Amino acid sequence: MTNKFKQLMAAGAVCVTAGVLTATQAMAQHSSPKPISGRFIQDKNMDKTVPPGDDFFTFANGNWVKSNPIPAKEVRYGTFTVLRDNNNKNVQAILVDAGKGKQTPGSVKQRVGDLYASAMDTLTIEKRGYAPIRADLERLGTLSTPAAIVKELSYQRVNGLGGGLVSVGVGQDSKHPDTYIVSASAGSTSLPDRDNYLKNDARSLKIQAAFKKYVADLFVLTGVSQADADKNANTVYNLEKKMAERQKSRVELRDPNGNYNKVNIDEFSKQFTNLNFRQILADSKITGQDSMLVSQPKMVKLVDSLLTAVSPADIQVLLKWNLLRGNAGSLSSPFVNASFAYSSTLSGQKVQTPRNERMASLVDGSLGDLLGQLYVEKHFPQAAKTRMLELVNNLKVTLGERIQALDWMSAETKKRALKKLESFSVKIAFPDKWETYNGLTINRNDYYGNLKRISVWRYNENVNRLGKPVDKTRMGMTPPTVNASYSPTRNEITFPAGILQAPFFDFDADDAMNYGGIGAVIGHEMIHGFDDQGRQYDADGALRDWWTKEDAAKFLERSNKVIEQFNAFTVLDTIHVNGKLTQGENIADLGGLNVAYAAFKKTKQGQSNVKIDGFTPDQRFFMSWGQVWRSSQRPESAAQRIQTDPHSPEEYRTNAPLTNIDAWYNAFDIKPTNKLYKKPEDRIRIW
């Protein structure tokens, strides 16, 4: 690696306020001020009766899983759940405090405190029943022509009532990421995946029956007779099934070029009898545009035909259903309970999450930048940002070195890959600029009205982006969130404050634990820039092919091996992991762990053999990785996630990458007789 590249890595474009440290500083071992023996790896959590080479997930976590049954309110339980619950408790305390006394109108505390107070005012909510949407339901019942129906769709978007058959919005143009563009979609369905409508196995039939009952139950709660409600349920299901038959699969939706359909608004509208997008956009407060993006044109064509082929009465039913399902959680308890009864069929959840937890999450999702200010002030040590920068810079340097050393990539593509890596921007803990939600009023006595005003505010803020520079200060996730992300159009990695705590990250932990935890997460997000989807975007975030034909073929050959490895895994004995759907996350896990390990080996601890808790530094690194994914889940949730989640089940996220990493074999003396053993020549090596 050239000195110039090292300098670029050390001074990478980092969107945080703290200064960027040099690579040398980044590699310095963190000095732990407290004894760490017995704190981060505990025998009681492990199952040492299982050899690490047979099932590393169980070796590292087996007893923890056995002694931590899934709480009734959860569908799965593990590291992420524990952190989420802890953060939620902290958020609740902040919200209760903010709701005390008389706050200054329009202030941060007034708005978050009053939103939470309104959400917890169940007496008022119960009294109102479904009154908040009664007038809207009545209006939908008057729509008698396709033209009136299309007009209604725009009215709903502009007035905070959600979307359905046709929706428009504004986002980055993925081929011109410095500009905003209009996008249009059509054919929203209710079930989690299109295959829930198309399959007729026992599980699918059970879900379909539960869905129809749910539709009927909500209609009955608005005064519709049981017979008519059952008829409505069949109408909704049959119309949504028609849409599902035309929808792309989740694997097809992973193709960014296949989803990029830029059309001239007027020319596109000429194809349709009922959908004039020039008028739809004008009614949606969007003017002055000549083109837009349409991810699934076939769905737009189907919706246009349905508006003519289906009676207005049946379309009314579908629109009423969309309004009901979109608002059921905001109405009185019979609506909320009916929603839970249905969702529990899909997930296996035993009891409803307590209202205070749900409403704390709602405030976080609704006013994240207001609540986030209070959260980081109370629960995030600013020094953690500097420490995170050290780790990020170390991993950037290390990934650059690994790219330089790849034996399957040409110098031409390497040069472009390094340029992309140099261009990575980073957001840590919270945004540089907080959103103010200017003009948004929150009323302590009007829960539903608050949600509607928030929706209206968000819609206006979205469409008002047109014609302005892309705002790169946005974070995308709220500070309490336990997650991390990569944005291909921004070429940006993000780590909210919520994930920057043990077991991912701890000031007192040794480097092995931090690099195996948050280090692997950092590496994971970086590799997303070079996975099957991310690699199709260049250093500027533009959807543009920067690979030589030969190098692209070599990448596909390697990524296909990842697909094959995960296709072989099953849950509930017979349901196979979808290797194509999960390949991006699987590539990121494998590459991220490799990069984190290589970066760890530059630290003082990584170059030593001093044992802690009976484990060598390398063993502690891999144990940290294993502990991050400790989790169990209900069978219903497991079956549904396989169908819809691009992440593989946690046990395979733990074990599968390790089988491709030589250092793991050496650390735990894995032999050919072990179940996870793969021959050296069969181990998958990409990044």
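Residues numbered from 1 in each chain as written. Predicted model: local features only at pLDDT ≥ 70, side-chain atom pairs only at ≥ 80, totals over all residues. Heavy atoms only, no water.

(A) Structural detail: the packing of aromatic side chains. By the definition in use, this model includes 40 aromatic pairs. Ring geometry for Trp664 against Tyr665: centres 5.1 Å apart, planes inclined by 75°, an arrangement best described as edge-to-face. Using a relative accessible area of 5% as the deciding quantity, one classes Tyr665 as buried. Members of the aromatic cluster, joined through ring pairs, are Trp408, Phe424, Tyr486, Phe530, Trp546, Trp547, Phe555 and Trp687. Seen from the ring of Tyr237, Lys212 lies directly overhead, with NZ or CZ sitting 4.6 Å from the centre. The positively charged end of Lys385 is found above the aromatic ring belonging to Phe430, 3.7 Å away from the centroid. (Phe/Tyr/Trp six-rings, centres within 6.5 Å; stacked < 30°, edge-to-face > 60°. Buried < 20%, exposed > 50% of the residue type's maximum accessible area, 1.4 Å probe, protein only. Lys NZ or Arg CZ within 6 Å of the ring centre and 35° of its normal.)

(B) Quick look at the side chain of Gln247. With respect to the element layout, Gln247 can be found in the loop between helix H11 (226–246) and strand E4 (262–264). For Gln247, a relative accessible area of 14% corresponds to the buried category. Of note is the side chain of Gln247, whose polar atom sits 3.1 Å from the backbone oxygen of Gly187. (Helix = DSSP H or I, 4+ residues; strand = E, 2+ residues; numbered from the N terminus. Polar contact = N/O pair within 3.5 Å; in protein donor to acceptor, adjacent residues only side chain to side chain.)

(C) Spotlight on unusual backbone geometry. The omega torsion across Ala502 and Pro503 is 5°, close enough to zero to call that bond cis. Along the chain, Pro503 falls in the loop between strand E8 (492–496) and helix H22 (511–528). One non-glycine residue with positive phi stands out, namely Lys285, at about 70°. Position of Lys285 among the secondary structure elements: in the loop between helix H13 (277–283) and strand E5 (291–294).

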